[in-house]
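Residue-level listing of the chains:
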Amino acid sequence: MDSTNDVAREYAEKGAPEGTVILAQYQRQGRGRMMRSWSSPKGKNILLSLILRPSLRLEEVSLITVMSSVTVASLLREEGFHAFIKWPNDIYVEGKKVAGILTEMKSEKNEVKHVIVGIGLNVNMDSSECPEDIQKTVTSLAMLSGHLWDRTVLVRELLLQLEKTYEHLQNQEYDFLLSQWSRLSSLVGHWVEVKVSDKKWEGTVLGTDAKGALLLRREGGFIEAFLSGDVKILDRMSV
Ligand code: BTN
């Protein structure tokens, strides 16, 4: 198929229930954030999309990305990897990207109709199977651990844990989620640059707000919230 997110969207539009999962061995046109492509060799990694119909307001939908990245990072920590979330949707281990999350939403009349959570987790690939320009920046569980992983077991565990974290979200236990996010974030306390289109801001990351936006304390103390963008750490801990 082209992209599990596209197939999930078609199903969602036809009324597929919350919790429907689309899995693929390969995507012809895997997508990442900001129109980037997501490439993954055949039969090696986890490529999945989950249909959700959350009772969230439009401005709270970023919490779905928070929830998903917390789940993936926690799962990897349980499996023994020192995983970090790089806001908003990347999971890193040993300085390399091991997973990415693409959250897409459909709304109507100010109401959330559905949210598609697309997760790409590099499991058994070798970086030599990736396009050359990203070979040095990506990793997989097999590359990190030195052995192959059973993807079925991992998918099952991932879905079970997503279900649990989603329950926290549906019960409006936002503080729990956001504290988990801060615990797992590679950014809190760092002096960073946030790039949105061609504009750049610098500041210290404080965490996320109740809507999942990244909070940056700028020089002079002014606090700015970002719902999207690219982040680069400019120095080590600054608070
Ligand atoms: C990113 O890092 O920018 C997000 C990558 C998300 C990739 C996954 S793979 C399964 C799902 N289908 C897609 O086309 N994209 C997501």
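Residues numbered from 1 in each chain as written. Predicted model: local features only at pLDDT ≥ 70, side-chain atom pairs only at ≥ 80, totals over all residues. Heavy atoms only, no water.

Peer 1: How should the sheet that holds strand S2 (residues 46-52) be read in this particular structure?
Peer 2: Strand pairing in a sheet relies on backbone hydrogen bonds. The paired strands run either parallel or antiparallel. Overall, antiparallel pairing links the 6 strands, which are arranged S1-S2-S6-S5-S4-S3 in an open sheet. Whereas interior strands pair on both sides, the edge strands pair on one side only; in this sheet they are strand S1 (21-24) and strand S3 (83-86). Looking at each pair of strands side by side, their axes are set apart by 20 degrees on average, direction ignored. Running at roughly 155 degrees to strand S6 (residues 111-121), helix H1 (residues 4-13) makes contact with S1, S2, strand S5 (96-108) and S6 of the sheet. (Pairing = 2+ DSSP bridges. Helix = DSSP H or I, 4+ residues; strand = E, 2+ residues; numbered from the N terminus. Axes fitted to C-alpha atoms, helices over the stretch in contact; angles between N-to-C directions. Contact = heavy atoms within 4.5 Å.)

Peer 1: In this structure, what is going on with H1? I would like to understand it.
Peer 2: Since the α-helix packs 3.6 residues into each turn, any two residues three or four apart lie on the same face. For H1, the set of buried residues is Thr-4, Asn-5, Asp-6, Val-7, Ala-8 and Ala-12. Buried residues in H1 make contact with S1, S2, S5 and S6. Of the residues flanking the start of H1, the one acting as N-cap is Ser-3, its side-chain oxygen 3.1 Å from the backbone nitrogen of Asn-5. Immediately beyond the C-terminal end of H1, within one or two residues, lies Gly-15, with a positive phi of roughly 100 degrees. (Buried < 20%, exposed > 50% of the residue type's maximum accessible area, 1.4 Å probe, protein only. Polar contact = N/O pair within 3.5 Å; in protein donor to acceptor, adjacent residues only side chain to side chain.)

Peer 1: What is the right way to look at the layout of surface pockets in this model?
Peer 2: Gaps between atoms show up when a probe of the same size as a water molecule is rolled over them. Reported here for the largest pocket is a volume of approximately 740 Å³. Lining of the largest pocket is provided by 36 residues; of these, Arg-36, Ser-37, Trp-38, Asp-90 and Lys-97 occupy positions nearest its centre. Elements with a minimum of two residues in the lining of the largest pocket: H1, S2, strand S4 (90-93), S5, S6 and strand S11 (230-237). Considering every element that reaches the lining of the largest pocket, the biggest residue donor is S5, with 4 residues. Residues of the lining of the largest pocket, tallied by class, amount to 14 nonpolar, 14 polar and 8 charged. When its volume is computed, the second largest pocket comes out at roughly 380 Å³. Lining of the second largest pocket is provided by 19 residues; of these, Ser-62, Thr-65, Thr-103, Leu-227 and Ser-228 occupy positions nearest its centre. Of all the secondary structure elements, the ones that give two or more residues to the lining of the second largest pocket are helix H2 (62-78) and S5. With 4 residues, the top contributor of residues to the lining of the second largest pocket is S5. (1 Å grid on protein atoms, 1.4 Å probe; cavity = no way out; pocket = protein on both sides within 12 Å on 5 of 7 lines; lining within 4 Å. Points joined across faces, edges and corners; volume = space filled by probe spheres on them. Nonpolar A, V, L, I, M, F, W, Y, C, P; charged D, E, K, R; others polar.)

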